[in-house]
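So you can see what is in the structure, the chains are spelled out below.
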Amino acid sequence: MLPILLQLLLLGILCSQGHSMSREEKHKLRNQVVEMFDHAYQNYMDHAYPADELMPLTCRGRVRGLEPSRGDVDDALGKFSLTLIDTLDTLVLLNKTTEFEAAVRRVLSDVRLDNDIVVSVFETNIRVLGGLLGGHSMAVMLKEGGHHMLWYQDELLHMAKDLGLRLLPAFNTSSGLPYPRVNLRYGVRGPETRTGTETDTCTACAGTIILEFAALSRFTGDPVFEAHARRALDFLWEKRQRNSNLVGTTINIHSGEWVRRDSGVGAGIDSYYEYLLKAYILLGDDLFLQRFNIHYASIMKYISQPPLLLDVHIHKPLLPARTWMDSLLAFFPGLQVLKGDIRPAIETHEMLYQVTKKHNFLPEAFTTDFRVHWAQHPLRPEFAESTYFLYKATGDPYYLEAGRTVLDNLNRFARVPCGFAAMKDVRTGSHEDRMDSFFLAEMFKYLFLLFADAEDLPFDVEDYIFTTEAHLLPLSLSMAPHHSATQTNTTAEGELDDSNFDWTCPNTRLLFPDPAFPRNLREPIRSAVDKSCPRPAPYREPGMGRPPLRAQDFMANNPEHLELLRRMGVSLIHLKDGRVQLVQHATQAVSAVAAEDGMRFMQDMMELSSQQQKEQLPPRAIQIVSHPFFGRVVLTAGPAQFGTDLSKSTTGVRGFVTVAEPYSGCAELANGEYVQGRIALLQRGQCMFAEKARHIQKAGAIGGIVIDDNEGSSSDTAPLFQMAGDGRNTEDVTLPLLFLFHKEGNILLEALKEYREVEVLLSDKARDRAAIFKDVDVQEEGEDCLTEETTPASSAPIDQSEISTVALDESAPEEDVGPPDEDVGPPDEDVGPPDEDVGPPDEALSPSVAEPGLTEPNMEKDSEKEEEPEEDADSTNQSVDELLADWREDLEAFQQMEKEEL
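The structure reproduced in this document is the subject of the present report. Note that the structure is a prediction, hence the values are computed from the model and not measured.

**Some remarks on the overall build of the chain**
Each helix and strand in the chain was counted, giving 24 helices and 32 strands. Counting only contacts in the chain whose residues sit at least 6 apart along the sequence, the fraction spanning at least 24 positions is 75%.

As structure tokens, then:
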């Protein structure tokens, strides 16, 4: 069975539907892809190399240990110039042979793989080992052409084998599943390793090894790597749930017990399925295709609900595990193209495309009614990957337009002077100071291939398979000499159903004789994404009375309500971070009827929480538009429940900022003549938000920005909240009021200190710079890199308690925007920003989101705070100076690192 047969689908057909894109237009977009790649790659080389990754907002390299830890995300960084290695074969594909040759020489002379550092086995395998093997494949291809790389003597392959040997100790387990991390110098389970104590790993982490390890074995003739990868796959297959034929998300590497039993095609599992099919394509082993087909049949039976792909429980596959999807599943339509199942691929891709058009980028997670669940977008390439495969399979120019949308959004919203910045929040357009290596390794490959003609490519891509990191491995490896591992885990005859197996790819001409077929599939999905699905009212058993206290009426500071809760066995706990938690103990209720009332109250509270998640006000954007920022700096801001609704304004509110006197804004302004016609900056505290708004409005301000007085607070680590009124009618407030945490507020204050005149745009989301400056010639200045410095927020899953609990927050949180990068866990049930006030509560903040805990409004004041204006001013100046000093120290540390450490 030749594995090349499965590639024939990519020849596809040319559908004549819609308006075809002209050759000139395609070439223009192809050249645009190359220009964008040059912008990203050159800024990495100029500002970051030899660091692992570029920080595009602050124009410097990300060096592990010198930057604040981001948790597991940093496990991809090993001080081995990650981005350069990950980009090697992209350079060749984009016809940058000279740059490739220079990059290979840099890797050989500068990169060390024996660093005393703990790295992710999964990330190091797909990015670094895969990058070295892809680079080696390209170097061999160019050398055989007789014009380039004539000096090359398999140096990259030698490095790849060295790295493979450094990863092998992770596989020293009784199951064969690798430890999730390894020390590059010391391995695992030693006193010097600082790793080896982990017990769990994700399915994708253990099952995404075979392509790179098998290629390494066949390139070098050493079978040990392929044998270990096969053993890990065999164990995962053995541990699948036999009734559903699905695998869980997390597994114990010693016992093989499933730690997380939810199953889907997104984060935690995704590339396991991908590598089963691609291992068949690359290696020609029918066993991999048999296993993939069995899994695929179960995916389509239980997980696929076209156009949705929803996680289920492996033991109860008809029971959904969650009501949201993560963005990593966007690769799946492309895999379905390789499988030959075009119809569901078209449907799911169309759903993803409509979500992309709705939010400009795919949010890290979104609900089944296509609302934002996690708002980050780290410039992931999976949607572009599926777009390319669908275009190759169908020839439909619709997918060229989808690719154009991706290009345009990257340039409009993610491009910054020093590269491309990840989106911190797709709703507001705010940025994060990261540009992951996969952006250069994958995104530009797929976009270039989408718009390029065959004559534009330096080689025939049909001779290669793409790894999950889009590295290129030659299909000729299937014919390479190798020692076949003894198959200790085969598929039983009873498990096979040949009628469901596709041993060759279908002919799309016979499957879809009507050229309008893809369009007919897409149209109903397009309309569905634009509709919201209202949540039905909770069902109540007949004869059950209304509880003595309704959830929507509850006030945490009402003594009568607290007494009612006590009688129902519900206690209220004030947490250290300012949140309030409701806990019910039925045995503490005054009677069985009261306990039943308490249970219904808790259920009502959680139901109300879910409703409020859909009724929340989204965050707003503060965009600095004056020189030298020109709209490139976007700060995420919390909205107010009163004043101008920026979501209904097409232009937003634009003006210069001025610090109010007094800074608290709690009295009539002493500098009213300077505030008039401007946007006033205020400090949180000492009075209600609405009172601040009335004072600056009386002075003639056109808007206000309240800056948190809790030093160190940031939207990176605390969900945003919306400001509520003061319990009175606030219709008299007609200007917009937005809230910034301390860190983001300091960026604005620092800009004001340095440039004196700072103009901002208050809006519902960041505006296109071309629209803001349509009559102004804006210079792109590479040195103007001062912008929002951010780090990704984290969202660790929290187990539900055995007793009924509902978390309340006296300052209402916005949606959590910080998912883990690889293992997307369940939403945090107790989400809320820390409350800095110990004692009297602060301004009134109303509920904005609940996951699925509920927040209820609480009247808060700062009237008990003593006003100390001189100390406030000194503190502000000091914090600004410290911010500048920190940035200078970071720059000096990086310069020193360049000279000594790397």
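**Here's the deal with the packing of aromatic side chains**
Using the criterion set out here, one finds 27 aromatic pairs in the structure. When the ring centre of Trp 324 is taken as reference, the NZ or CZ atom of Arg 322 above it lies at 3.9 Å. Sitting above the plane of the Tyr 353 ring, Lys 357 keeps its charged end 4.6 Å from the centroid.

**Considerations on helix H14 (residues 398-414)**
With 17 residues, H14 should cover 24 Å at 1.5 Å per step; its first-to-last C-alpha distance of 24 Å lies within 8% of that length. The buried fraction of H14 amounts to 13 of the 17 residues, a majority that puts the element mostly inside the structure.

**So, the pattern of salt bridges**
Applying the stated criterion across every chain, the model contains 49 salt bridges. Across the pair Asp 222 and Lys 161 runs a salt bridge whose closest N-O atoms are separated by 4.0 Å. Of the two residues, Asp 222 is situated in the loop between helix H7 (210-220) and helix H8 (224-238) and Lys 161 in helix H5 (residues 155-167); the sequence distance between them amounts to 61 residues. Here the salt bridges do not stand alone but share partners, grouping Glu 53, Arg 70, Asp 74, Glu 123 and Arg 127 into one network.

**Concerning the environment of Leu 749**
Inspection of the secondary structure puts Leu 749 in helix H22 (residues 742-755). Residue Leu 749 is classed as buried on the basis of its relative accessible area, which comes to 8%. Separated by 92 residues in sequence, Leu 749 and Val 657 place their C-alpha atoms 9.5 Å apart.

**Comments concerning unusual backbone geometry**
In this structure, Pro 50 follows Tyr 49 across a cis peptide bond, with omega equal to 15 degrees. Tracing the sequence through the fold places Pro 50 in the loop between helix H1 (23-47) and strand S1 (53-55).

**A word on the nonpolar core**
Formed by 176 residues in total, the largest nonpolar core has its most connected members in Phe 100, Leu 410 and Phe 420. Excluding its chain neighbours within four sequence positions, the residues that come into contact with Phe 100 are Leu 88, Leu 91, Val 92, Gly 135, Met 138, Ala 139, Leu 142 and Met 149. Core analysis: the next-biggest nonpolar cluster, separate from the first, contains 24 residues, Val 633, Ile 705, Leu 740 and Ala 751 among them.

**Some thoughts on the packing of H1 against H14**
It is the contact of H1 with H14, at a shortest axis distance of 11 Å, that shows an interaxial angle of 35 degrees. In this structure, H1 crosses over H14, and the sense of that crossing is left-handed. Touching Glu 25, Lys 26, Leu 29, Gln 32, Val 33 and Met 36 of H1 are Leu 400, Arg 404, Leu 407, Asp 408, Leu 410 and Asn 411, all from H14. Among the residues making up the contact of H1 with H14, the classes are represented as six nonpolar, two polar and four charged.

**A look at the environment of Arg 185**
As for its position among the elements, Arg 185 is in the loop between strand S4 (181-183) and strand S5 (200-202). With a relative accessible area of 40%, Arg 185 lands in the partly exposed category. Arg 185 sits 19 residues away from Arg 166 along the chain, and the two C-alpha atoms are 7.3 Å apart. Excluding residues within four positions of it along the chain, Arg 185 makes contact with Asp 114, Asn 115, Asp 116 and Arg 166. From its side chain, Arg 185 meets the backbone oxygen of Asp 114 in a polar contact 2.9 Å long.

**Things to note about the sheet that holds strand S14 (residues 372-374)**
The strands that make up a sheet pair up through hydrogen bonds in the backbone, lying either parallel or antiparallel. Read from one edge of the open sheet, three strands run S12-S13-S14, paired in antiparallel fashion. Because the sheet does not close on itself, it has two edges, and the strands there are strand S12 (324-326) and S14. Averaged over all neighbouring strand pairs, the angle between strand axes comes to 30 degrees, with direction disregarded. Here S12 runs beside strand S13 (residues 365-367); their pairing, made up of three bridges, is antiparallel. When the bridges of S13 are listed, Met 325 appears paired with Phe 366.

**Digging into the sheet that holds S5**
Read across the open sheet, the three strands follow the order S5-S6-S7; overall the sheet is antiparallel. Across the chains shown, the open sheet's two edge strands, defined by having one partner strand only, are S5 and strand S7 (258-260). The mean inter-strand angle of the sheet, taken between neighbouring strand axes irrespective of direction, is 35 degrees. Where strand S6 (residues 250-252) meets S7, two bridges bridge the pair, whose relative direction is antiparallel.

**Thoughts on the pairing of strand S25 (residues 653-659)**
Pairing geometry for S25 and strand S30 (residues 759-763), over four bridges, is antiparallel. Its bridge partner being in S30, Phe 656 is matched across the sheet by Glu 759. In this sheet, strand S26 (residues 679-683) lies alongside S25 in parallel orientation, the contact comprising three bridges. What sits directly across from Val 659, in S26, is Leu 681.

**Some words on the state of the cysteines**
Throughout the structure, instances matching the rule amount to three disulfides. A sulfur-sulfur distance of 2.1 Å marks the disulfide that ties Cys 202 to Cys 205. An S-S torsion of about 90 degrees defines the bridge between Cys 202 and Cys 205 as right-handed. Across the pair, exposure class does not vary: Cys 202 and Cys 205 are buried alike. Here Cys 666 is linked by a disulfide to Cys 687, with a sulfur-sulfur distance of 2.1 Å. Between Cys 666 and Cys 687 the disulfide shows an S-S torsion of about -85 degrees. By sign, it is left-handed.

**Concerning H7**
Within H7, nine of the 11 residues are buried, which leaves the element mostly enclosed by the surrounding structure. Listing the buried residues of H7 in full gives Ile 210, Leu 211, Glu 212, Phe 213, Ala 214, Ala 215, Leu 216, Ser 217 and Arg 218. Residue Gly 221 follows H7 closely and has a positive phi angle near 85 degrees.

**Concerning the side chain of Ser 120**
Its place among the elements puts Ser 120 in strand S3 (residues 118-120). Polar contacts involving the side chain of Ser 120 include one to the main-chain amide nitrogen of Phe 122, which spans 3.3 Å.

**A few points about the pairing of strand S27 (residues 703-707)**
In terms of residue burial, S27 counts as a mostly covered element, since five of its five residues are buried. What you see with S27 is no split at all: Gly 703, Ile 705 and Ile 707 on one side and Gly 704 and Val 706 on the other are buried throughout. Across five bridges, S26 lies against S27 in parallel orientation. Of the residues in S27, the one forming a bridge with Leu 681 is Ile 705. Read as a crossover between parallel neighbours, the route from S26 over helix H21 (residues 689-698) to S27 is right-handed. Looking at chain direction, S27 and strand S29 (residues 737-740) are connected through four bridges and run parallel. Each bridged residue has a counterpart across the sheet, and for Ile 705 the counterpart in S29 is Leu 738.

**Details of the packing of H1 against helix H15 (residues 437-451)**
At a minimum axis separation of 8 Å, H1 and H15 run at an interaxial angle of 165 degrees. Viewed along their axes, H1 and H15 adopt a mutual orientation that is roughly antiparallel. Helix-helix and strand crossings are classified by hand; for H1 and H15 the assignment is left-handed. Across from Lys 26, Leu 29, Arg 30, Val 33, Val 34, Met 36, Phe 37, Ala 40 and Tyr 41 in H1, the residues of H15 making contact are Phe 439, Leu 440, Phe 444, Leu 447, Phe 448, Leu 450 and Phe 451. When its residues are assigned to classes, the contact of H1 with H15 shows 14 nonpolar, no polar and two charged.

**Focus on the side chain of Thr 173**
Secondary-structure assignment places Thr 173 in the loop between H5 and S4. Among all residues touching Thr 173, those that are not within four sequence positions of it are Tyr 179, Arg 231 and Ile 253.

**A look at the environment of Ala 204**
Inspection of the secondary structure puts Ala 204 in helix H6 (residues 203-207). Residue Ala 204 is classed as buried on the basis of its relative accessible area, which comes to 0%. Ala 204 sits 62 residues away from Gly 266 along the chain, and the two C-alpha atoms are 9.6 Å apart.

Parameters at a glance
Residues numbered from 1 in each chain as written. Predicted model: local features only at pLDDT ≥ 70, side-chain atom pairs only at ≥ 80, totals over all residues. Heavy atoms only, no water. Helix = DSSP H or I, 4+ residues; strand = E, 2+ residues; numbered from the N terminus. Contact = heavy atoms within 4.5 Å. Phe/Tyr/Trp six-rings, centres within 6.5 Å; stacked < 30°, edge-to-face > 60°. Lys NZ or Arg CZ within 6 Å of the ring centre and 35° of its normal. Expected span 1.5 Å × (residues − 1). Buried < 20%, exposed > 50% of the residue type's maximum accessible area, 1.4 Å probe, protein only. Salt bridge = Lys/Arg side-chain N within 4 Å of Asp/Glu carboxyl O. Core = buried A, V, L, I, M, F, W, Y, C linked by side-chain atoms within 4.5 Å. Axes fitted to C-alpha atoms, helices over the stretch in contact; angles between N-to-C directions. Left-handed = near helix turned anticlockwise from the far one by under 90°. Nonpolar A, V, L, I, M, F, W, Y, C, P; charged D, E, K, R; others polar. Polar contact = N/O pair within 3.5 Å; in protein donor to acceptor, adjacent residues only side chain to side chain. Pairing = 2+ DSSP bridges. Disulfide = S-S within 2.5 Å. Right-handed = clockwise from strand over helix to strand, strands pointing away. Parallel < 35°, antiparallel > 145°, perpendicular 65-115°, else oblique.

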